[in-house]
Amino acid sequence: IISPMDNMKLVFYGATSTVTGSKTLLEINNKKVLVDSGMYQGDKDSTKKNQVLPNFNINEIDAIFLTHAHYDHCGYLPVLIKNGFKGKIYCTEGTRKIVELILRDSASIQAYEFKEGKSQSILYDLDDVDATLSHLRSVSLNKWYDKDFRFIYEEAGHILGAANITFDNGTKKICFSGDVGRKDDLIHNPPQKSIEADYLVLESTYGDRLHKKEDSIEILKKHNIPMNKLFKKNSIS
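Calculation notes
Residue indices begin from 1 for each chain and proceed along its sequence in written order. Owing to the predicted nature of the model, reporting of local features is limited to residues with pLDDT of at least 70; listing and counting of side-chain atom pairs is limited to 80 or more, with chain, interface and lining totals taken over all residues. As a convention, hydrogens and water are excluded, and side-chain values are obtained from all of the structure's heavy atoms. By definition, two strands form a pair when at least two bridges between them are found by DSSP. Secondary structure is summarised from DSSP: a helix means a run of H or I of at least four residues, a strand means a run of E of at least two, and numbering begins at the N terminus for each. A pair of aromatic rings is counted whenever rings of Phe, Tyr or Trp (Trp by its six-membered ring) have centres within 6.5 Å, and the orientation is called stacked for planes under 30 degrees apart, edge-to-face for over 60 and tilted otherwise. Remark: exposure states derive from per-residue accessible area (1.4 Å probe, protein chains only) relative to the maximum for the residue type, with buried under 20%, exposed over 50%, and partly exposed in between. Look at NZ for Lys and CZ for Arg. If either is within 6 Å of the ring centre and within 35 degrees of the ring normal, a charge sits over the ring. Any residue with an atom within 4 Å of a point lines the site, the site being either a cavity, points on a 1 Å grid over the protein atoms alone where a 1.4 Å probe fits but cannot get out, or a pocket, an open set with protein on both sides within 12 Å along at least 5 of 7 lines. Grid points are joined across faces, edges and corners, and a volume is the space filled by probe spheres set on the points. When residues are sorted by character, Ala, Val, Leu, Ile, Met, Phe, Trp, Tyr, Cys and Pro go into the nonpolar class, Asp, Glu, Lys and Arg into the charged class, and all the rest, Gly among them, into the polar class.

## Considerations on the sheet that holds strand β10 (residues 173-176)
Overall, mixed pairing links the five strands, which are arranged β7-β8-β9-β10-β11 in an open sheet. The open sheet has two free edges, formed respectively by β7 (145-146) and β11 (199-201), since each of these has just one partner strand. Direction of pairing for β10 relative to β11: parallel, over a ladder of three bridges. By the bridge assignment, Cys-175 is partnered in β11 with Leu-200.

Here's what the structure looks like:
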């Protein structure tokens, strides 16, 4: 959907007409990369989509880039590994650690539900998770990396390790926001102001509303949450 003159092409294979299942295929400088690889979640009609492989050649994907470790952004990774993906999966160190927890938990839940007759199939098991983890490569924030194109990860807030990713093909820049955190989060750093880009790809689930201006500490106090149980604001990289 981007002009061929920019030597980029963008196709959405998830999180369209629904919230979950984020998968975006970017063709840049004659390379094919996938931004996020999430599971569909929700009702049965949504989760059935997980049983059907996306309509692209998995073997042709050169690399995968994760914005963050929520299940609807990373939970489908082992399926791609099982079906031929052999490249690297880039993410921040925080994302890498959470992805391991998420995927192991997912495989265990699938095994349990299959055993109990609550599901008819298993998408992947713990061995598939181990194979997937071997593809993960940690990158630092605020540093340009040069491959067949340049890319940089920048703080997005949201959860530990979350980042937006900007790709630069030498002519144009395209930024993928992933999910963006709040400016006044009690735990995480606020999202960075991203570098200038020609194209911005972001999710719009809550794009039609504003956060309520409430004091989170006061709300917790009203619910009799002991102050020593609250997280103190700190810096998370």
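Text resumes after the structure shown.
## Some points on the packing of aromatic side chains
Tallied over the entire structure, the rule returns eleven aromatic pairs. Ring centres of Tyr-13 and Phe-56 lie 4.9 Å apart, and the angle between their planes is 75°; on these two criteria the pair is classed as edge-to-face. Of the two residues, Tyr-13 sits in the loop between β1 (8-12) and β2 (24-28) while Phe-56 sits in the loop between α1 (44-47) and β4 (63-65), which places them 43 residues apart along the sequence. Taking relative accessible area as the criterion, Phe-56 reaches 13% and is therefore assigned buried. Relative to Tyr-153, the ring of Phe-151 has its centre 6.3 Å away and its plane inclined at 75°; by these criteria the two rings are edge-to-face. On the basis of relative accessibility, which here comes to 0%, the residue Tyr-153 falls in the buried class. Positioned over the ring face of Tyr-76 is Lys-23, at 4.6 Å from the centre of the ring. Above the plane of the ring of Trp-144 lies Arg-150, whose end atom (NZ or CZ) is 4.1 Å from the centre.

## As for the layout of surface pockets
Of the voids in this model, the largest pocket is the one considered here, and its volume is about 1200 Å³. Around the largest pocket, the lining is made up of 33 residues, and of these Asp-179, Val-180, Gly-181, Arg-182 and His-211 lie nearest the centre. Tallied by class, residues from the lining of the largest pocket come to ten nonpolar, twelve polar and eleven charged. The volume enclosed by the second largest pocket comes to roughly 570 Å³. Looking at the second largest pocket, it is lined by 18 residues, and the ones nearest its centre are Thr-47, Gln-51, Glu-113, Ser-119 and Ser-121. Elements with a contribution of two residues or more to the lining of the second largest pocket: α1 and α4 (93-115). Considering each element in turn, the lining of the second largest pocket owes the most residues, four residues, to α4. Here the residues of the lining of the second largest pocket sort into five nonpolar, nine polar and four charged.

None of this, on its own, says anything about what the molecule does.
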